[in-house]
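Chains, contacts and geometry: an overview
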Amino acid sequence: MAAAVAACGGKKRKHERSAPELGQLHEDMLERVLARLPPASFFRLRGVCRQWREAAGSPAFLAACARVPARDPWFLMLSDRQEDRPAVAFDAAEGAWARCRGAPGPVPVAAAGGLVLYRAPDTGALTVANPLTGASRPLPPPPPPASPLHAVAMYGSPYRVVLILGKLPDLSMAVFDSSTNTWDDAVALSRKPDAYPADADAPAQRGDDEDDDDVDDGDDEDDDDGTVFYLSKAGVVMASNIQRSTAREYSSAVTCRPDGTDAVAYFLSNSGAVVSCDLTRRVFAELPWILPLQAEYSIDVVACDARAYAVVLTEYLDTASLRVWEFADGAWLQVAAMPPAMSHAFYGAKADVNCVGHGGRIMVCVSSGDGQSGSFLCEVGSNRWEELPRRAGGDGGEEATDFVAAFSFEPRMEAAV
């Protein structure tokens, strides 16, 4: 009996010794396994052992990462003190905070795939970076602009960067193609004729009136402060300014096919109207207004699953309402709404809403001066809302970081700048 037990024990020990370990995997198989790890684990690969460090830097590992299907997005979060704090992202798959590497500037302006585009506020220089790896490179300077920058769009793989210049209705665009590493000369955009029926309640864009010869505009660029004027029911001239965070000053949302064709950029005019710009046909149109001008509200535009949405925060009947609208068949249709118990906290706060979409999710950042702030993740298809967990301040203190905006990217180790 003892001999049998000893024999069994010997066989067991022999079996344990012969069991394959992760370190004994063939190099090709190891790279495939490592490529399937959650993206947050990539930061720790090089610190495990020499074999993993070499595997994580090999071209075969990057090729294995490229074969992994689409990953859940990371949301690059922005705060008012972005320049004083390290870059941080929210990992939608893990539901946790993750760090990013090598952000070359305080505020990004666009993102596509696994890359984020940064713009230097003082010089206008553009830099593209992979926030997961820290790799970055400056883009060649664009052609000298004849008009001020209005919006920035980024899409496709190889990626394209589009600068939309000027003021409505005189818009133009300049395109950078990463496959050729060159900029095209700026070309004028045409207004899409009779795209949508005229809205009697919509305000005229400042500077757009044809009969303004008797008005001394002075410097049009300085005068265009985004103020919208309208008549109240009592006949009193009222003024309203659509709030806009500096973190999203030049942002846009782009819908396109998986191959990057049929790209359409959506952005806000200075008066808060949603503008759609067909980047292939080089035409634009102002979409119908969602709410009456008499309503004070904050608005942002996002793209999810090749669809365009507008997120609107407004106050009505002694409460605040945050709703998601989709533009389809020439009209806006409500598709989602934050539960009233969540949105009511923003009543009377004069909050600013800044959003970004990815896949079927919308990240909504609500910020106000009186501390009523929060970041929320919305599943558009199911209308499910989730508030992000608070994150401690970057200095290690107890004060939580309030985020005012976000940009989304797909965490891809293989995304080349």
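On a predicted model such as this, the values are computed, not experimentally measured, just so you know.

1. Some words on the sheet that holds strand β5 (residues 115-119)
Within a sheet, adjacent strands bond to each other through the backbone by hydrogen bonds, running parallel or antiparallel. Read from one edge to the other, the open sheet built from four strands follows the order β4-β5-β6-β7, with strand pairing classed as antiparallel. Edge positions in the sheet fall to β4 (108-112) and β7 (136-138), since each of these pairs with one other strand and no more. Each strand of the sheet is rotated relative to its neighbour by a mean of 20°, with strand direction disregarded. Sheet analysis places β5 next to strand β6 (residues 126-129), joined by four bridges and oriented antiparallel. Looking at β6, one finds that Leu117 is bridged to Val128.

2. Here's the deal with the pairing of β4
Within a regular beta strand, the side chains point alternately toward one face of the sheet and then the other, so they alternate between its two faces. Summarising burial for β4: four of the five residues are buried, a large majority. In the sheet, β4 pairs with β5 via four bridges, with the strands oriented antiparallel. Paired with Pro108 across the strands is Tyr118, a residue of β5. Turn length for the β4-β5 hairpin, with the two strands adjacent in sequence and antiparallel, is two residues, and the turn residue Gly113 shows positive phi of about 60°.

3. Looking at the environment of Gly113
With respect to the helices, strands and loops of the structure, Gly113 is situated in the loop between β4 and β5. In this structure the C-alpha to C-alpha distance between Gly113 and Arg412, which are 299 residues apart in sequence, comes to 7.9 Å. Beyond its immediate stretch of four places on either side in the chain, Gly113 contacts Phe409 and Glu410.

4. A short note on the confidence of the model for the protein
When pLDDT is averaged along the protein, the result is 78, and 75% of the positions lie at 70 or above. Note on residues 198-226: pLDDT is under 50 here. Beyond four places in sequence and across chains, it has 35 contacts. pLDDT under 50 marks residues 228-241. Its contacts with residues more than four places away, or in other chains, come to 26 contacts.

5. What about the nonpolar core?
Ranked by size, the top nonpolar core spans 25 residues in total, and within it Leu34, Leu45, Phe61, Trp74, Leu76 and Cys100 carry the most contacts. Contributions of two or more residues to this core are made by α2 (27-35), α3 (42-45), α4 (50-56), α5 (59-66), β1 (74-79) and β5. Residues within four places of Leu45 in sequence aside, it is in contact with Leu34, Leu37, Trp52, Arg53, Ala56 and Phe61. Grouped together as the second largest cluster of nonpolar side chains are 21 residues, Ala320, Val366, Phe376 and Trp385 included.

6. A closer look at the state of the cysteines
Under the defined criterion, the tally for this structure stands at zero disulfides. The structure places no disulfide on Cys304, whose sulfur is separated from the nearest cysteine sulfur, that of Cys378, by 8.3 Å.

7. Focus on unusual backbone geometry
Here the amide bond leading from Ser157 into Pro158 is cis, since omega sits at 0°, within 30 degrees of zero. Secondary-structure assignment places Pro158 in the loop between β8 (149-155) and β9 (160-167). Here the residue pair Leu168 and Pro169 is connected by a cis peptide bond, since its omega of 5° sits within 30 degrees of zero. Structurally, Pro169 can be placed in the loop between β9 and β10 (170-177).

8. Let's talk about the pairing of strand β25 (residues 361-367)
With seven of seven residues buried, β25 is to be regarded as a mostly interior element. Alternating positions in β25 separate into two faces, Arg361, Met363, Cys365 and Ser367 on one and Ile362, Val364 and Val366 on the other, with burial throughout. Pairing of strand β24 (residues 352-358) with β25 involves seven bridges; the strand directions are antiparallel. Within the sheet, the bridge partner assigned to Val353 lies in β25 and is Val366. From the end of β24 to the start of β25, which pair antiparallel, there are two residues, and Gly359 there has a positive phi angle of about 60°. Note: β25 against strand β26 (residues 374-379), six bridges, orientation antiparallel. Pairing of Cys365 across the sheet is with Ser375, part of β26.

Criteria and cut-off values
Residues numbered from 1 in each chain as written. Predicted model: local features only at pLDDT ≥ 70, side-chain atom pairs only at ≥ 80, totals over all residues. Heavy atoms only, no water. Pairing = 2+ DSSP bridges. Helix = DSSP H or I, 4+ residues; strand = E, 2+ residues; numbered from the N terminus. Axes fitted to C-alpha atoms, helices over the stretch in contact; angles between N-to-C directions. Buried < 20%, exposed > 50% of the residue type's maximum accessible area, 1.4 Å probe, protein only. Contact = heavy atoms within 4.5 Å. pLDDT = per-residue confidence, 0-100. Core = buried A, V, L, I, M, F, W, Y, C linked by side-chain atoms within 4.5 Å. Disulfide = S-S within 2.5 Å.

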